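Per-entry structural report
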Amino acid sequence: MRIAHYIGRFQPLHNGHLGIIRRAIEKYDLLNIIVGSSANSFRARTLKNPFTAMERIAMIKTSLTAEQLKKVRFCEVADYPDDADWVSQVKYLIRVCEPSTLMSKMGMRKNFIIGNDTRNSDTYYLKYFPEFGKDFTVSSEQYKNLSSTKIRKMFFEDGTFAMVPEGTENFLKGFVEKEEYKTLKNMH
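Given the structure is predicted, the values throughout are model-derived calculations rather than measurements. (Residues numbered from 1 in each chain as written. Predicted model: local features only at pLDDT ≥ 70, side-chain atom pairs only at ≥ 80, totals over all residues. Heavy atoms only, no water.)

The subject of this paragraph is the environment of T137. Mapping T137 onto the fold places it in the loop between β5 (133-135) and α7 (148-158). When its relative accessible area of 56% is taken as the criterion, T137 is described as exposed. It is 8.3 Å that separates the C-alpha atoms of T137 and G115, two residues lying 22 residues apart in sequence. (Helix = DSSP H or I, 4+ residues; strand = E, 2+ residues; numbered from the N terminus. Buried < 20%, exposed > 50% of the residue type's maximum accessible area, 1.4 Å probe, protein only.)

Glancing now at the sheet that holds strand β4 (residues 110-114). Read across the open sheet, the five strands follow the order β3-β2-β1-β4-β5; overall the sheet is parallel. Because the sheet does not close on itself, it has two edges, and the strands there are β3 (72-76) and β5. Neighbour-to-neighbour, the strand axes of this sheet turn through a mean angle of 30°, independent of strand direction. The strands touched by helix α2 (residues 53-61) are β2 (30-35) and β3; relative to β3, the strand with the most contacts, the crossing angle is about 165°. (Pairing = 2+ DSSP bridges. Axes fitted to C-alpha atoms, helices over the stretch in contact; angles between N-to-C directions. Contact = heavy atoms within 4.5 Å.)

Moving on, we get to helix α4 (residues 83-96). Here α4 contains 14 residues, and its C-alpha end-to-end distance of 20 Å stays within 8% of the 20 Å for a straight helix at 1.5 Å per residue. Along α4, the residues classified as buried are W86, V87, V90, L93 and I94. Down the axis of α4, the sector holding all buried residues measures 125°, keeping them to one side. Those residues of α4 hidden inside the fold are in contact with β1 (2-8), β2, β3 and β4. A side-chain oxygen of the first residue of α4 lies 2.9 Å from the backbone nitrogen of A84; this N-cap is D82. (Expected span 1.5 Å × (residues − 1). Arc of directions from axis to C-beta. Polar contact = N/O pair within 3.5 Å; in protein donor to acceptor, adjacent residues only side chain to side chain.)

With that settled, consider the side chain of H14. Along the chain, H14 turns up in the loop between β1 and α1 (15-27). Discounting residues that sit within four places of it in the chain, H14 has contacts with L146, S147, S148, I151, M163, V164 and P165.

Turning to unusual backbone geometry, a few remarks are in order. Of note, the amide linkage connecting Q11 to P12 takes the cis form, showing an omega dihedral of 0°. Relative to the assigned elements, P12 resides in the loop between β1 and α1. Although it is not a glycine, F10 adopts a positive phi angle of roughly 55°. Mapped onto the elements of the fold, F10 is located in the loop between β1 and α1.

So, on to the packing of aromatic side chains. How two aromatic rings sit relative to each other is given by the distance of their centres and the angle of their planes. If you walk through the whole model with that rule in mind, you get 14 aromatic pairs. Ring geometry for F175 versus Y181: centroids 6.5 Å apart, planes at 80°, classification edge-to-face. Note on Y181: relative accessible area 5%, which makes it buried. An aromatic cluster is defined as three or more aromatic residues linked by ring pairs; in this entry it consists of F51, F155, F156, F161, F171, F175 and Y181. (Phe/Tyr/Trp six-rings, centres within 6.5 Å; stacked < 30°, edge-to-face > 60°.)

Counting across every chain of the model gives six salt bridges. The salt bridge involving R45 is made with E55; its shortest N-O contact spans 2.8 Å. Taken together, the residues R45 in the loop between β2 and α2 and E55 in helix α2 connect sequence positions 10 residues apart. Here the two residues R45 and E55 agree in accessibility, since each one is buried. (Salt bridge = Lys/Arg side-chain N within 4 Å of Asp/Glu carboxyl O.)

With six of six residues buried, β2 lies mostly within the body of the structure. Across six bridges, the pairing between β1 and β2 is parallel. Looking at the pairing, G8 lines up with V35 of β2. In this region the chain leaves β1, passes through α1 and returns to the parallel neighbour β2; the handedness of that crossover is right-handed. (Right-handed = clockwise from strand over helix to strand, strands pointing away.)

As structure tokens, then:
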């Protein structure tokens, strides 16, 4: 069994993320999406982490078909002040990500960390997983400069956004009407 693990904050999910997810679903037996900064659900929203883990998971789910979702699992990981604690938690999530019934049906598993390795400041953590295979072939040159930071900047400056899938677009259109958006826009 070949399992891909895609770690990201998805603040918000954009077309580059979705492209990686879709290609991984085609290439691997299972895709484990590890949604970072998940403790945001219990803290105040910030400009860097404006959306809760559940909101981001919903953005991903509404951007995939029912058939694609059969090969996807979600885990959440909080931020930790110490990278070693964060790495330990991610490795634990990787060990337990798939149901035991899949293991018994599929036999041995091989884990791969996937993503976009062209953005060093956002993907420095990849060096912490030397025991897993790395696969960046699911990335696309087309989206290498796309960033959620730029999308958030546009969104909080004037309520616009670009390069996001329909599920994210629908969420953002609804979010503009919420009090949380007004608070974050004022903070921006």
